[in-house]
Amino acid sequence: MWTPAAGTLLDAALAAGIGLPSGCRVGQCESCIVRVLSGECAHLVAFEGEADRCLTCQAVPVTDLVLAP
Ligand code: FES
């Protein structure tokens, strides 16, 4: 279960041993974008990507999530 101490979705995934694409980790390169198959995330910065996309280095979960690279 995610808690605020786990950090962003990218941080939490990597800490759990789940490999996700990433690059800059500061919201610039967009290499960490994944599709949200179900659930909802909240971005910590302005994100103008498609509604079903998640910038994992700048987002936290709002509900249970299923993501696809
Ligand atoms: S890792 Fe670069 S925007 Fe997320």
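Residues numbered from 1 in each chain as written. Predicted model: local features only at pLDDT ≥ 70, side-chain atom pairs only at ≥ 80, totals over all residues.

**Student:** In this structure, what is going on with the sheet that holds strand β5 (residues 66-68)? I would like to understand it.
**Tutor:** Within a sheet, each strand pairs with its neighbour through backbone hydrogen bonds, oriented either parallel or antiparallel. Strand order across the open sheet formed by 3 strands is β3-β1-β5, with antiparallel pairing between neighbours. Each edge of the open sheet carries a strand with a single partner, namely β3 (53-55) and β5. Neighbouring strand axes in the sheet, compared pairwise and without regard to direction, differ in orientation by 45 degrees on average. (Pairing = 2+ DSSP bridges. Helix = DSSP H or I, 4+ residues; strand = E, 2+ residues; numbered from the N terminus. Axes fitted to C-alpha atoms, helices over the stretch in contact; angles between N-to-C directions.)

**Student:** What is the right way to look at the environment of M1 in this model?
**Tutor:** As for its position among the elements, M1 is in the segment before α1 (9-15). C-alpha of M1 to C-alpha of A12: the two residues are 11 residues apart in sequence and 9.6 Å apart in space.

**Student:** I tried to follow unusual backbone geometry on my own but got confused; where do I start?
**Tutor:** Excluding glycine, residues mostly have negative phi values, and the peptide bonds linking residues are mostly trans. At R25, a position not held by glycine, the phi torsion is positive, near 65 degrees. You can call R25 partly exposed: it has 16 C-beta atoms within 10 Å. Positive phi outside glycine occurs at E30, with the angle close to 65 degrees. Relative to the assigned elements, E30 resides in the loop between α1 and β1 (33-38). (Buried ≥ 20, exposed ≤ 12 C-beta atoms within 10 Å, placed from the backbone.)

**Student:** Sorry, what's going on with the nonpolar core here?
**Tutor:** Soluble globular proteins tend to pack their nonpolar side chains together in the buried interior. Of all hydrophobic cores here, the largest spans 11 residues; its members are L9, L10, A13, C32, V34, C41, C54, L55, C57, A59 and V60. If you list the elements that add at least two residues to this core, you get α1, β3 and β4 (59-61). Ranked by residues supplied to this core, first place goes to α1 with 3 residues. Setting aside its immediate chain neighbours within four residues, C57 contacts T8, L10, S22, R25, G27 and C32. (Core = buried A, V, L, I, M, F, W, Y, C linked by C-beta atoms within 7 Å. Contact = placed C-beta atoms within 7 Å.)

**Student:** Mind showing me how you'd approach the pairing of β1 here?
**Tutor:** Alignment of β1 against β3, held across 3 bridges, turns out to be antiparallel. When the bridges of β3 are listed, R35 appears paired with R53. As defined by bridge partners, β1 adjoins β5 across 3 bridges and the pair is classed as antiparallel. By the bridge assignment, V36 is partnered in β5 with L67.

Distances and angles like these do not, on their own, reveal function.
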